[in-house]
Amino acid sequence: MAQHEAIQGLIKKYNENQLSHVFLIETNDKMAALQDIKDFVKVVNCPEDYTPQCSKCNLCHLIATDQLPSLEIVIPDGQAIKKSQMEDLKQKFSSIPYLSRYNTYIIEDAEKFNASSANTMLKFIEEPERNILGFLITNNRENVISTIKSRCEIVKIFYEKENQGISERIYELAENYLYKIEVEKQQTIVYNKIVLDEKLEREEMVLFFKTLFQIYYDLFQGKSISEKLKVMESFSSQILMARLRLVSEMLDRLNFNVNLHLLLDDFVLRLEDSYEHLWCEV
Ligand SMILES: [Zn+2]
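Everything quoted here is computed from the prediction, not taken from an experiment.

*Asks:* Any chance you could explain the domain arrangement of the protein here in plain terms?
*Replies:* Taken as a whole, the protein is organised into domain 1 (5–157) and domain 2 (161–281). Between the C-alpha centres of domain 1 and domain 2 the distance comes to 27 Å. Contact residues are listed per partner, giving 15 residues for domain 1 and 13 residues for domain 2. Both sides together, the interface formed by domain 1 and domain 2 hides about 1,200 Å², and carbon and sulfur atoms give 51% of it.

Here it is, written out as structure tokens:
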């Protein structure tokens, strides 16, 4: 997907050495913004000349799959971001990163700071260690505690309605697909037809797999998901981890000129395999 112009703006500032160290990202689509921020994190850390197809380096792969130790994504613990979460973050980033150029944190739902976690956050922002980048994401900056807001550079990442239409359509497709293969679990390869019939462009297929990744990832983090897929909340973290690895491998392969039909068939077969494999291990 083309980079959002707000991200291009950040890249320009980075190249001019004008980058702030903490940003408040206001967006109408948190999921899309998170992906775009992660792409930016790749740009500033990639040891190669980063392009959106960067498949050469392990670093970009680790970022895409949330496995890079120096990238920390904080989600509220229940209704609020807790003080202990901020203390953990501060502790973790008290040493300079060894794999990447920056220690980067991304805080989802920045409107969920409470007074005490905001306090810890402020100290963290005001006494910055070197090489730390922070992104706080919110739907509405007016709901973010003003002391935090005033210390951030505000960046708006708004997505066009048309794109939103596409991501909603893809989300619905991904949900229906998972319902068939994970909840009903019957004749799975047959259901690839519901995806193939959509005649997705390659970019849309990438979005489709990113959506699958997000759903598995939400489950992995214990977030509740749509009623339709509720059954999947009982999946063990071992199964979910295997799923995440598989989906990220598919995303890697989509960088190359693969046949989408074969890719999907392979995905489903390997999914069934890993299922049996995990059953055997128990
Ligand atoms: Zn790279």
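*Asks:* Would you take a moment to explain the packing of helix 2 (residues 30–45) against helix 9 (residues 202–220) for this structure?
*Replies:* Helix-helix packing: each pair is described by the crossing angle between the helix axes and the interaxial distance. Close contact between helix 2 and helix 9 brings their axes to 12 Å; oriented N to C, the two are set at 105 degrees. For the element pair helix 2 / helix 9, the angle class is roughly perpendicular. Across from Met31, Leu34, Gln35 and Asp39 in helix 2, the residues of helix 9 making contact are Lys210, Thr211 and Gln214. For the contact of helix 2 with helix 9, a count of residues per class yields 2 nonpolar, 3 polar and 2 charged.

*Asks:* It is not clear to me how the nonpolar core should be interpreted in this structure. Could you clarify?
*Replies:* Buried together is how nonpolar side chains tend to be arranged in soluble globular proteins. One finds Tyr177, Met205, Phe208, Phe209, Leu212 and Phe267 to be the most contacted residues of the largest nonpolar core, which totals 36 residues. Only helix 7 (161–184), helix 9, helix 10 (237–253) and helix 11 (260–281) provide two or more residues apiece to this core. Looking at which element gives the most residues to this core, the answer is helix 9, with 10 residues.

*Asks:* Where do I start with the environment of Cys46 in this structure?
*Replies:* Inspection of the secondary structure assignment puts Cys46 in the loop between helix 2 and helix 3 (58–64). Taking the C-alpha atoms as reference points, Cys46 and Val258, 212 residues apart in sequence, are found 25 Å from one another. Once residues within four sequence positions are removed from consideration, Cys46 is found in contact with Cys54, Cys57, Leu59 and Cys60.

Calculation rules
- In every chain, residue numbers begin from 1 and rise along the written sequence.
- Note on the predicted model: pLDDT of at least 70 is required for a residue's local features to be given, and 80 or more for side-chain atom pairs to be given and counted; whole-chain, interface and lining totals, by contrast, use all residues.
- Where side-chain values are given, they derive from all heavy atoms of the structure, hydrogens and water being excluded.
- Domain start and end points were adopted from an automatic or database domain assignment.
- Any two residues whose heavy atoms approach within 4.5 Å at even a single point are treated as in contact.
- By definition, the buried area sums, over both parts, the 1.4 Å-probe accessible area that each loses when the two are put together.
- Lines fitted to C-alpha atoms define the axes, with helix axes restricted to the stretch in contact, and inter-axis angles between N-to-C directions lie between 0 and 180 degrees.
- Runs of H or I in DSSP of at least four residues are treated as helices and runs of E of at least two as strands, each being numbered from the N terminus.
- Here the word oblique covers every angle except those under 35 degrees (roughly parallel), over 145 (roughly antiparallel) and from 65 to 115 (roughly perpendicular).
- Following the grouping adopted for this structure description, the nonpolar residues are Ala, Val, Leu, Ile, Met, Phe, Trp, Tyr, Cys and Pro, the charged ones are Asp, Glu, Lys and Arg, and the polar ones are all others, Gly among them.
- Put simply, buried Ala, Val, Leu, Ile, Met, Phe, Trp, Tyr and Cys residues joined by side-chain atoms within 4.5 Å make one nonpolar core.
- Buried, partly exposed and exposed residues are distinguished by accessible area as a fraction of the type maximum, computed with a 1.4 Å probe on protein chains only: under 20%, between the cut-offs, and over 50%, respectively.

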